[in-house]
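Residue strings, one per chain:
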Amino acid sequence: MTEPGAAETQDLPPIAERGAAAAPAASRRTSLLVTLVLGGLTAVPPLSMDMYLPALPQVTAALHSPAATVQLTLTTCLAGMALGQMIVGPMSDKWGRRRPLLAGMVIYVLATALCALATSAELLIAFRLLQGLAGAAGIVIARAVVRDLYDGVAMARFFSTLMLISGVAPVVAPLIGGQILRLTDWRGVFVVLTAVGVALTLLVWRTLHETLPPERRHSGGLGQTLRTMRDLLADRVFSGYALVGAFAFAALFAYISASPFVVQEIYGASPQTFGLLFGINSVGLVAVGQINGKLLVGRVGLDKVLGTGLAVIALAATALLLMSAGVFGHVGLVPTAAGLFVLMAAMGLVMPSTNTLALLRTPHAAGSASALLGTSTFLLGSVASPLVGIAGERTAVPMALVQLSCAVLALVCFLGMCRPWQRRGESNGSTAGERTRL
């Protein structure tokens, strides 16, 4: 970690100082199956959240509960995923990645099966909270495993590859949920999620070996865990990248929350048109992420890529706000959809870069660092979601204003806390002992 009082110009990433000790001697490429498993683990949250969305009206009727009560099944699942990362991340630094991951996946399977058997909204809310807590293991440990296996440019490329897998999940999950409801009721959605959880658990057990050797684990208890978290948060640069990623995700979550009303209620588009636009935007995010991983990483510094992505998001959000406020008169759906596409696509530059640049500083506590990254992201995303509807469903101004505010705050954190121009050799993502094994 950065020592107190160290000169800012000497603010090198810890991996550069400890890479020789942390990096294994041998290296080999990650297999395609392991890549798919890690991608599947990162897709657990959107699958758990979005497959269930089409079933909300059925749940309300079947359990004889108000819509507001049933909405809590979404909120508690999201809260569980945020809190669970703070629990599982440090556990994985102490006991290794494999055991906490397998335990979390088994509990996720049991909790999801219990959701299918729930007889009241209160029970479903409780089981969804447990589902979120357990499902967090897949998110946080998948990121920590990537940190165990990769450094620098290779890590940035791998995160871009994971985006190809996890980015498809939000697109197909509601479609799968809708098709399930054509064959069965809302309980069938949880049955399918249970089957997905079982398959992932078996694949983890068979293919994902331990990536954190005993000599690199933490032996302390709760006190050391809290000290590790404190040290991570005290690292200005790490905290800066965590906030950059969290604010960028909040802008993305504002789009996810508000776009159904903006596209359908304000512009009068059909649900099919909304689904098409949502899919196109998600494809844009994934495509730019792949361009970043295949063409930019290794040729352009990670901080330059991140700064460019943030600038594009800010410009797109500004254009959306001006159009929504009527500065250009009445604009149709096409210009607004174009602005949303640009904003979404730029996320493909920001998300892999923030994860990589933050985790580069934490080879000694990748689980705890991954937990802080994930928790901050989920918390800010959950705050952004209700703000977009603060002025009702007939104007897109709140959505654009939240997106622009998040983009500006992300830029402020990047420039004020990360300060890439003050750190030597880090902005290119090139670090000692780049490793690609498993």
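Conventions used here
Throughout, residues of each chain are indexed from 1 in the direction in which the sequence is written. Where totals are concerned, whole chains, interfaces and linings use all residues; where local detail is concerned, this predicted model gives features only for residues with pLDDT of at least 70, and gives and counts side-chain atom pairs only at 80 or more. Side-chain measures here rest on the full set of heavy atoms in the structure, leaving out hydrogens and waters. Under the scheme used here, helices are H or I runs from DSSP no shorter than 4 residues and strands are E runs no shorter than 2 residues, and both carry numbers assigned from the N terminus. Exposure is judged per residue with a 1.4 Å probe applied to protein chains only, and the accessible area is read against the type maximum: over 50% gives exposed, under 20% gives buried, and values in between give partly exposed. Residues count as neighbours in contact if any of their non-hydrogen atoms are within 4.5 Å of one another. The accessible surface values rely on the Shrake-Rupley method and a 1.4 Å probe; as for residues, cover is taken only from the protein chains in view. The rule for a salt bridge is simple: a side-chain nitrogen of Lys or Arg has to be within 4 Å of a carboxyl oxygen of Asp or Glu. Aromatic pairing here means that ring centres of Phe, Tyr or Trp (its six-membered ring) are within 6.5 Å. Orientation follows from the plane angle: under 30 degrees is stacked, over 60 is edge-to-face, and everything else is tilted. Placement of a charge over a ring requires the Lys NZ or Arg CZ to be within 6 Å of the ring centre, with the centre-to-atom vector within 35 degrees of the ring normal. Where helices are involved, their axes are fitted lines through C-alpha atoms of the stretch in contact, as for all axes, and angles between N-to-C directions lie from 0 to 180°. When describing relative orientation, an angle under 35 degrees is termed roughly parallel and one over 145 degrees roughly antiparallel, while 65 to 115 degrees is termed roughly perpendicular and anything else oblique. Rotating anticlockwise by less than a right angle from the far helix to the near helix defines a left-handed crossing, while the corresponding clockwise rotation defines a right-handed one. Side-chain classes follow a simple rule in which Ala, Val, Leu, Ile, Met, Phe, Trp, Tyr, Cys and Pro form the nonpolar group, Asp, Glu, Lys and Arg form the charged group, and the remainder, Gly included, forms the polar group. Only buried residues count toward a nonpolar core. Its members are Ala, Val, Leu, Ile, Met, Phe, Trp, Tyr and Cys residues joined through side-chain atoms within 4.5 Å.

Below, the discussion takes up the overall build of the protein. A count of helical and extended segments in the protein gives 17 helices and zero strands. Split into buried and exposed, the 438 residues of the protein put 55% on the buried side. The contacts in the protein between residues at least 6 apart in sequence include a share of 86% that link residues at least 24 apart. For the protein, the exposed surface amounts to about 17700 Å²; the carbon and sulfur share of it is 69%.

Time to look at the pattern of salt bridges. Per the stated rule, a full pass over the model turns up five salt bridges. With a shortest N-O distance of 3.9 Å, aspartate 148 and arginine 216 are connected by a salt bridge. Here aspartate 148 is found in helix H7 (residues 121–149), whereas its partner arginine 216 is found in the loop between helix H10 (186–207) and helix H11 (222–234), with 68 residues between them in sequence. Like aspartate 148, the residue arginine 216 is buried in the burial classification. Between arginine 361 and aspartate 235 there is a salt bridge, with the nearest N and O atoms lying 2.8 Å from each other. Of the two residues, arginine 361 sits in the loop between helix H15 (333–359) and helix H16 (366–387) while aspartate 235 sits in the loop between H11 and helix H12 (236–266), which places them 126 residues apart along the sequence. Take arginine 361 and aspartate 235: they sit in the same class, and that class is buried. Shared partners join several salt bridges into a network, and the residues in it are Asp93, Arg97, Asp148 and Arg216.

What follows covers the packing of aromatic side chains. Across all of its chains, the model carries three aromatic pairs by this definition. When the centroid spacing of 4.8 Å and the interplanar angle of 25° are considered together, the rings of tyrosine 150 and phenylalanine 158 count as stacked. Both rings, one in tryptophan 186 and one in phenylalanine 190, keep their centres 6.1 Å apart while their planes meet at 90°; by these two values the pair is edge-to-face. Of this pair, tryptophan 186 and phenylalanine 190 are both found in helix H10, four residues apart, which corresponds to roughly one turn of the helix. The pair formed by tryptophan 186 and phenylalanine 190 is uniform in burial state, with each residue classed as buried. Put simply, the rings of Tyr52, Trp186 and Phe190 pair up and form one aromatic cluster. Residue placement shows arginine 128 over the ring face of tyrosine 52; its charged tip is 4.5 Å from the ring centre.

Now for the packing of H12 against H15. Relative to each other, H12 and H15 sit at 155°, their axes nearing to 9 Å. Comparing their axes, H15 and H12 come out roughly antiparallel. Of the two possible hands of crossing, H12 and H15 adopt the one that is left-handed. Facing Phe238, Tyr241, Val244, Gly245, Ala248, Phe249, Ala251, Leu252, Tyr255 and Val263 of H12, the residues of H15 in contact are Leu333, Leu340, Met344, Met347, Val350, Met351, Thr354, Leu357 and Ala358. Grouping the constituent residues of the contact of H12 with H15 by class yields 17 nonpolar, two polar and no charged.

Okay, the nonpolar core next. The biggest cluster of nonpolar side chains holds 125 residues, and the ones touching the most others in it are Leu38, Leu41, Tyr52 and Leu124. With 17 residues, H12 is the largest single contributor of residues to this core.

Right, let's talk about unusual backbone geometry for a bit. The phi dihedral of histidine 64 is positive, around 55°, even though this residue is not glycine. By the secondary structure assignment, histidine 64 is in the loop between helix H4 (56–62) and helix H5 (67–95). In this model, arginine 419 sits at a positive phi of 45°, which is unusual for a non-glycine residue. Its place among the elements puts arginine 419 in the segment after helix H17 (397–418). A relative accessible area of 24% places arginine 419 in the partly exposed class.

It is the contact of helix H6 (residues 98–117) with H7, at a shortest axis distance of 8 Å, that shows an interaxial angle of 155°. It follows from the interaxial angle that H6 and H7 lie roughly antiparallel. Crossing handedness for the pair H6 and H7: left-handed. Residues Pro100, Leu101, Gly104, Ile107, Tyr108, Ala111, Thr112, Leu114 and Cys115 of H6 lie in contact with H7, whose contacting residues are Leu124, Phe127, Arg128, Leu130, Gln131, Ala134, Gly135, Ala137, Gly138 and Ile141. Residue composition of the contact of H6 with H7, by class: 13 nonpolar, five polar and one charged.

This part covers the environment of leucine 130. Tracing the backbone shows leucine 130 in helix H7. With relative accessibility at 33%, the residue leucine 130 sits in the partly exposed group. Separated by 53 residues in the primary sequence, leucine 130 and cysteine 77 place their C-alpha atoms 7.6 Å from one another. Sequence-distant contacts of leucine 130, that is, excluding residues within four places in its chain, are made with Ile107 and Ala111.

To continue, consider the environment of serine 219. Position of serine 219 relative to the elements: it lies in the loop between H10 and H11. Sequence-wise, serine 219 and lysine 94 are 125 residues apart; in three dimensions their C-alpha atoms are separated by 5.9 Å. Ignoring anything within four residues of it in the chain, the contact list for serine 219 reads Lys94 and Gln224.

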